[in-house]
Amino acid sequence: DAGITQSPRHKVTETGTPVTLRCHQTENHRYMYWYRQDPGHGLRLIHYSYGVKDTDKGEVSDGYSVSRSKTEDFLLTLESATSSQTSVYFCAISETGTGGQSSYNEQFFGPGTRLTVL
Amino acid sequence: KNQVEQSPQSLIILEGKNCTLQCNYTVSPFSNLRWYKQDTGRGPVSLTIMTFSENTKSNGRYTATLDADTKQSSLHITASQLSDSASYICVVNPGGYNKLIFGAGTRLAVHP
């Protein structure tokens, strides 16, 4: 999985509790992404980072926050988990963004974290 | 609305047979189109990537085609193997900043 690890791989939690998922890369790629994957839907972007302490929202960012204090780590936090956030979460990395002349560059995905909110 | 639709949703074929998966998109503008393979319990892995000027691209037994005029792509798998059992995801990059559009995928099962 291109030097990307996610932790935990599985988590069950209760509604209203805070949850933090971690993505760690050893590729020194500048860009990191958090996606969620739900049955019947394509992967949807939650947040992404284009450098240390530089982050931006994706299409489904409500209820999620992120932080990136080091190049290699990107954290996704659910401040107060809800049942609608039950999903599989994937981290991805890329050397550059997907726009302009860099649009050909590939995103590499981690193994995923399965989160269940009861 | 930018959308990527894939068909069929699921497919069962016998080992050794060929199959073709379809992808229709309504994404504009268009920069490139990617096909990913996702094994159960794993993250997606890239198979091919094509710009609007590329009609065909192969990766071993996988051949992707692109018709930018009709906004259609297909992924053809030749001489299927049991290890081809996976979900195949079509992804369109409109060239905007980090806004890939993912299809829901086709789940392929190859039976012996």
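Procedures and definitions
- Residues numbered from 1 in each chain as written.
- Chains lettered and ligands numbered in written order.
- Predicted model: local features only at pLDDT ≥ 70, side-chain atom pairs only at ≥ 80, totals over all residues.
- Heavy atoms only, no water.
- Helix = DSSP H or I, 4+ residues; strand = E, 2+ residues; numbered from the N terminus.
- Polar contact = N/O pair within 3.5 Å; in protein donor to acceptor, adjacent residues only side chain to side chain.
- Contact = heavy atoms within 4.5 Å.
- Buried area = accessible area lost by both parts, 1.4 Å probe.
- Salt bridge = Lys/Arg side-chain N within 4 Å of Asp/Glu carboxyl O.
- Disulfide = S-S within 2.5 Å.
- Buried < 20%, exposed > 50% of the residue type's maximum accessible area, 1.4 Å probe, protein only.
- Pairing = 2+ DSSP bridges.
- Axes fitted to C-alpha atoms, helices over the stretch in contact; angles between N-to-C directions.

Peer 1: Explain the side chain of Gln25(A) to me, and be specific about the residues and the numbers.
Peer 2: Residues and elements named next belong to chain A. Along the polypeptide, Gln25 turns up in strand S3 (residues 19-25). Polar side-chain contacts of Gln25 include one of 3.5 Å to the backbone nitrogen of Glu27. In this structure the side chain of Gln25 is engaged in a polar contact, spanning 2.6 Å, whose partner is the backbone oxygen of His29. Every residue in contact with Gln25, bar those within four places of it in the chain, is listed here: Gly3, Ile4, Met32, Arg68, Thr71, Glu72 and Ile93.

Peer 1: Give me the lowdown on the environment of Ser46(B), citing residues and values where you can.
Peer 2: Looking at where Ser46(B) falls in the secondary structure, it is placed in strand S5 (residues 45-51). C-alpha separation for the pair Ser46(B) and Thr70(B), spaced 24 residues apart in sequence, amounts to 23 Å.

Peer 1: An account of unusual backbone geometry is needed here, citing residue identities and associated values.
Peer 2: One can expect most non-glycine residues to show negative phi and most peptide bonds to be in trans. The peptide bond linking Ser7(B) to Pro8(B) adopts the cis configuration, its omega dihedral lying at -10°. Note that Pro8(B) resides in the loop between strand S1 (4-7) and strand S2 (10-14). That bond from Ser28(B) to Pro29(B) is cis: its omega, -5°, falls within 30 degrees of zero. Mapping Pro29(B) onto the fold places it in the loop between strand S3 (19-25) and strand S4 (32-38). If you check the backbone angles, Asn28(A) has positive phi at about 60° while not being a glycine. Along the chain, the position of Asn28(A) falls in the loop between S3 and strand S4 (31-37).

Peer 1: Let's hear about the environment of Gly42(A): which residues, and what values?
Peer 2: When you line up the elements, Gly42(A) lands in the loop between S4 and strand S5 (44-51). Every residue in contact with Gly42(A), bar those within four places of it in the chain, is listed here: Arg36(A), Phe102(B), Gly103(B) and Ala104(B).

Peer 1: Go over the interface of chain B and chain A, please, and point to the residues and values.
Peer 2: Across the contact, 25 residues belong to chain B and 28 residues belong to chain A. Taking both partners together, chain B and chain A bury about 2,000 Å²; carbon and sulfur atoms supply 47% of that area. At the boundary of chain B and chain A, one finds 0 salt bridges. For the pair chain B and chain A, the interface holds 2 residue pairs in polar contact (both at pLDDT 80 or more).

Peer 1: Give me the lowdown on the state of the cysteines, citing residues and values where you can.
Peer 2: Residue and element names in this part refer to chain A. Taken as a whole, this structure holds 2 disulfides over all chains when the rule is applied. Across a sulfur-sulfur distance of 1.9 Å, Cys23 and Cys91 are joined as a disulfide pair. Because the sign of the S-S torsion sets the handedness, a value of about -70° for the bond joining Cys23 and Cys91 places this disulfide among the left-handed ones. In this pair, Cys23 sits in strand S3 while Cys91 sits in strand S9 (residues 87-94), placing the two residues 68 residues apart along the sequence. Here Cys23 matches Cys91 in class, with each residue buried.

Peer 1: Kindly report on the pattern of salt bridges, identifying the contributing residues and their values.
Peer 2: Applying the stated criterion to the full structure yields 7 salt bridges over all chains. One salt bridge connects Asp84(B) with Arg61(B), and the closest N-O pair in it is separated by 2.8 Å. Residue Asp84(B) is located in the loop between strand S8 (72-77) and strand S9 (86-93), and its partner Arg61(B) is located in the loop between strand S6 (56-59) and strand S7 (62-67); the two are separated by 23 residues in the primary sequence. Among the residues examined, Asp84(B) registers a relative accessible area of 0% and is labelled buried. Classification of Arg61(B) as partly exposed rests on a relative accessible area of 24%. Here the residues in one salt-bridge network are Arg22(A), Lys70(A) and Asp73(A), joined through shared partners.

Peer 1: For the environment of Pro94(B), give the residues involved together with the corresponding values.
Peer 2: All names here are of chain B. Considering the arrangement of structural elements, one finds Pro94 in the loop between S9 and strand S10 (101-102). Note on Pro94: relative accessible area 12%, which makes it buried. Setting aside anything within four residues of it in sequence, one finds Pro94 in contact with Val27, Pro29, Phe30, Ser31, Lys99 and Ile101.

Peer 1: Hey, could you go over the sheet that holds S7(B) for me, with residue numbers and the actual values?
Peer 2: Residue and element names in this part refer to chain B. Strands sit in the order S1-S3-S8-S7-S6 across an open sheet of 5 strands; the sheet is antiparallel. The open sheet has two edge strands with one neighbour each: S1 and S6. Averaged over all adjacent pairs, the angle separating strand axes in this sheet is 15°, with direction ignored. Sheet topology note: the S6/S7 ladder contains 4 bridges and is antiparallel. Paired with Asn59 across the bridge in S7 is Tyr62.

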